[in-house]
Amino acid sequence: MASHPSSFPLFALRRRDWLLWGCASWAALPAMAQVAAPKAAAATLPAAQSLPDELAQALKNKQPLIVMVSLDGCVFCRQARQSHLSPMQRAGTVIVQVDMRNNQPLLDFAGKLTTHDQLTRLWKVSITPTLLFFGPGGKEVAERMEGAYLPDFYGPYLEERMAQGQKAL
């Protein structure tokens, strides 16, 4: 008569069964820790509202305005915000977010009322995340960063674009 291993104490299990049970328990620990741990606040960036005002603030700091074009649910956007953009924004870099497929109103560089989605179409952005670097007159002053880069290289590419943008000011 075969019994289920859970009806025996651990010392009665065969070595193979004990190892499988132990490995399954260890493998479940990260998942249990995520359930038990409080969720960390997601990194956010302010939504663009008035590009002329946001650009003026960036230029006052002698920096280009960084606009991140994002898409709700984009994992790579979240990683870029969390690892690079939110820390830069907290340190004083003016960075705003424009969301694809979002009808939130904002003022474009000409002071005309538009939506986030219309602006992404005007800028011909088709992939997220895309970072745009704007200088005087709302002109792009550095090469766009389109899509996900290898995590180890995202920071250096971002620094390169910032330097490129600052030089163009």
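In the block above lies the structure referred to throughout.
Some remarks on the pattern of salt bridges
Pairing of side chains with opposite charge becomes possible as their charged atoms draw close.
Then step 1. Scanning the model with the defined rule gives three salt bridges in all.
Then step 2. Across the pair D117 and R121 runs a salt bridge, and its minimum N-O distance is 2.9 Å. With D117 and R121 both in helix α4 (residues 116-122), this residue pair falls four residues apart, about one helical turn.
Then step 3. Taking the relative accessible area as the measure of exposure, R121 reaches 59% and is therefore exposed.
Then step 4. The shortest N-O distance in the salt bridge between R161 and E143 comes to 3.6 Å. Taken together, the residues R161 in helix α5 (residues 151-168) and E143 in the loop between β6 (139-140) and β7 (145-146) connect sequence positions 18 residues apart.

Concerning the environment of Q164
Then step 1. Here Q164 is to be found in helix α5.
Then step 2. Residue class for Q164 comes out partly exposed when judged on its relative accessible area of 35%.
Then step 3. Excluding residues that lie within four positions of it along the chain, Q164 makes contacts with V141, A142 and E143.
Then step 4. Side-chain polar atoms of Q164 contact the backbone nitrogen of E143, separated by 3.1 Å.

Quick notes on the packing of helix α3 (residues 75-90) against α5
Then step 1. At a minimum axis separation of 10 Å, α3 and α5 run at an interaxial angle of 30 degrees. One finds that α3 runs roughly parallel with respect to α5. Like other packed secondary-structure pairs, α3 and α5 cross with a definite hand, here right-handed. Side by side, α3 and α5 meet where A80, H84, L85 and M88 of the first sit next to P151, Y154, G155, L158 and M162 of the second.
Then step 2. Its residues assigned to classes, the contact of α3 with α5 comprises seven nonpolar, two polar and no charged.

Structural notes on the pairing of strand β5 (residues 130-135)
Then step 1. Summarising burial for β5: six of the six residues are buried, a large majority.
Then step 2. Pairing of strand β1 (residues 65-70) with β5 involves five bridges; the strand directions are antiparallel. Residue pairing across strands places V69 opposite T130, the latter belonging to β5.
Then step 3. In this sheet, β7 lies alongside β5 in antiparallel orientation, the contact comprising two bridges. From the neighbouring strand, T130 faces β7, where its bridge partner is E146.
Then step 4. Across two bridges, the pairing between β5 and β6 is antiparallel. When the bridges of β6 are listed, F134 appears paired with E140.
Then step 5. Between β5 and β6, which pair antiparallel and follow one another directly, the connecting turn spans three residues, one of which, G137, has a positive phi of 75 degrees.

Focus on the packing of aromatic side chains
Then step 1. Inspection of the entire model under this criterion finds two aromatic pairs.
Then step 2. When the centroid spacing of 4.8 Å and the interplanar angle of 55 degrees are considered together, the rings of F109 and F134 count as tilted. Note that F109 is positioned in the loop between β3 (105-107) and β4 (113-115) and F134 in strand β5, a separation of 25 residues in sequence.
Then step 3. Residue classification places F109 among the partly exposed positions, given a relative accessible area of 22%.
Then step 4. Note on W123 and F134: the rings are 5.1 Å apart at their centroids and 35 degrees apart in plane angle, and the pair reads as tilted. Within this pair, whereas W123 is found in the loop between α4 and β5, its partner F134 is found in strand β5, the two being separated by eleven residues in sequence.
Then step 5. On the basis of relative accessibility, which here comes to 11%, the residue W123 falls in the buried class.
Then step 6. Residue class for F134 comes out buried when judged on its relative accessible area of 2%.
Then step 7. Linked through ring pairs, F109, W123 and F134 together constitute an aromatic cluster.

What counts as what
Residues numbered from 1 in each chain as written. Predicted model: local features only at pLDDT ≥ 70, side-chain atom pairs only at ≥ 80, totals over all residues. Heavy atoms only, no water. Salt bridge = Lys/Arg side-chain N within 4 Å of Asp/Glu carboxyl O. Helix = DSSP H or I, 4+ residues; strand = E, 2+ residues; numbered from the N terminus. Buried < 20%, exposed > 50% of the residue type's maximum accessible area, 1.4 Å probe, protein only. Contact = heavy atoms within 4.5 Å. Polar contact = N/O pair within 3.5 Å; in protein donor to acceptor, adjacent residues only side chain to side chain. Axes fitted to C-alpha atoms, helices over the stretch in contact; angles between N-to-C directions. Parallel < 35°, antiparallel > 145°, perpendicular 65-115°, else oblique. Left-handed = near helix turned anticlockwise from the far one by under 90°. Nonpolar A, V, L, I, M, F, W, Y, C, P; charged D, E, K, R; others polar. Pairing = 2+ DSSP bridges. Phe/Tyr/Trp six-rings, centres within 6.5 Å; stacked < 30°, edge-to-face > 60°.

Geometric values such as these leave the question of function open.
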